[in-house]
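Now for the letters of each chain:
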Amino acid sequence: MSEAAKLPQIARLKPYYAELQKGRSYYWCACGLSRNQPFCDGSHQGSGIESVRYTAEEEAQEVLFCACKRTAKVPFCDGAHNNLSGAYELDDPDSERNRGIDLITAGGDGMARLDGGCYVLTPVKITCSQRAGLRFAPVISAASGGRYQSQYYFEQDSTEPTVVHFADSHVILFVSSGSGTLNISGQSFGVGLHCGVYVRPGEAFAMIPDAGQILSVFASACPLPVEPEFPGANPTGFDHNHPERVIGIDQDQRTGMGDRYFQVLIDATMGCEVAAQFIGEIPPSKAAPHCHLYEESLIVLSGEGMMWTESHKAAVAAGDIIFLPPKQKHSLQCTSSERMLLAGVISPGNNPSINY
């Protein structure tokens, strides 16, 4: 049988969601011919492609079985379906159904609340607390619905840094403005606009802006929502097993998703196994409604558009934060003539291209 003949059939593009029983074995259809997708029904006989056995490791384990049969992470989706049609799946914002979606505006707290706990927050409308030269405010917390991450905005305009500690959480920073030095438990790193920074559990950090600069970062603490502590001194104890902590935008490292792109900045390759940080861009368009198994936060860096859920939508613009709980159906639209630039954190997970 030729190699072309062995190429599996695409059952559909997006993966199949399933909730599994611990210890039970499941046989994933690899050939794409089964009428009982995503599971094998014996249709592969004679195709030269065998089904794949998977035994659930957790009770009520939620998985996404690959439906396009092109995954490199058998039997689970790895986002390969996003590139099979040559374009990302889109939706018409002017369809009859979409014209009936209610537009929600932000309240006095700067938050526009959508379906299922999703919200859009305009940080400039919230009040910051201050500690010496450091201003800070929560943008995602347990109180606002965070289950796997909390996120704080920090702004430092003084060379007398305030030490920030998030206990035993993994902390992922994104520099939203300015440049300077970030000291992580005694180890100093130069940082600049739109770079990602990783702080290991138990470590603390302090921000030192360059002369005349205001250094601003968003800090996501994972895996559980926690509040920052402010010890008087930056403790030693930098984890030298993970020396690389800062990464910037590199066009050569970006991954395509049809006509849109993303680059993973922080993930398990740098030591963070509970979350991933990425930066991405989307063209003028509205994505088709979809869901993720992970919790997601997005920072709109440039451009403007609309965040959609089942029955509500809210305008988004540069500087806004979008929070998406797991399994919440949503769609992000870019209405700018230029592409929208976003920075995001997902937890738990390591691949922002996986959707269903």
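As the structure is a computational prediction, the values presented were derived from the model and not from experiment.

### Some words on the overall build of the chain
Argument step 1. Each helix and strand in the chain was counted, giving one helix and 28 strands.
Argument step 2. On the principal axes, the C-alpha backbone points of the chain span a range of 70 × 50 × 40 Å.
Argument step 3. For the chain, the proportion of its 356 residues judged to be buried stands at 51%.
Argument step 4. The long-range fraction of contacts in the chain, counting pairs at least 24 apart against all pairs at least 6 apart in sequence, stands at 71%.
Argument step 5. Per element, the accessible surface of the chain, about 15800 Å² overall, is 48% carbon and sulfur.

### A short note on unusual backbone geometry
Argument step 1. For the bond running from Gln37 to Pro38, omega is 5°, close enough to zero to count as cis.
Argument step 2. Topologically, Pro38 is positioned in the loop between β2 (25-28) and β3 (52-55).
Argument step 3. Of note, the amide linkage connecting Cys222 to Pro223 takes the cis form, showing an omega dihedral of 10°.
Argument step 4. On the secondary structure map, Pro223 appears in the loop between β17 (215-222) and β18 (246-247).
Argument step 5. Phi is positive for Ala167, close to 55°, though the residue is something other than glycine.
Argument step 6. Take Ala167: it is sitting in the loop between β11 (164-165) and β12 (170-177).

### Some points on the sheet that holds strand β26 (residues 321-324)
Argument step 1. The strand order across the open sheet formed by eight strands is β6-β7-β26-β23-β28-β21-β20-β19, and the pairing between neighbours is antiparallel. Strands with a single pairing partner mark the edges of an open sheet, and in this sheet they are β6 (111-113) and β19 (255-257). On average, each strand axis in the sheet is inclined to that of its neighbour by 25°, with strand direction left out of account.
Argument step 2. Pairing between strand β21 (residues 276-282) and strand β28 (residues 340-347): seven bridges, direction antiparallel. Among the inter-strand pairings, Phe278 is bridged to a residue of β28, identified as Gly344.

Thresholds applied
Residues numbered from 1 in each chain as written. Predicted model: local features only at pLDDT ≥ 70, side-chain atom pairs only at ≥ 80, totals over all residues. Heavy atoms only, no water. Helix = DSSP H or I, 4+ residues; strand = E, 2+ residues; numbered from the N terminus. Buried < 20%, exposed > 50% of the residue type's maximum accessible area, 1.4 Å probe, protein only. Contact = heavy atoms within 4.5 Å. Areas by Shrake-Rupley, 256 points an atom, 1.4 Å probe, with all protein chains shown as cover. Pairing = 2+ DSSP bridges. Axes fitted to C-alpha atoms, helices over the stretch in contact; angles between N-to-C directions.

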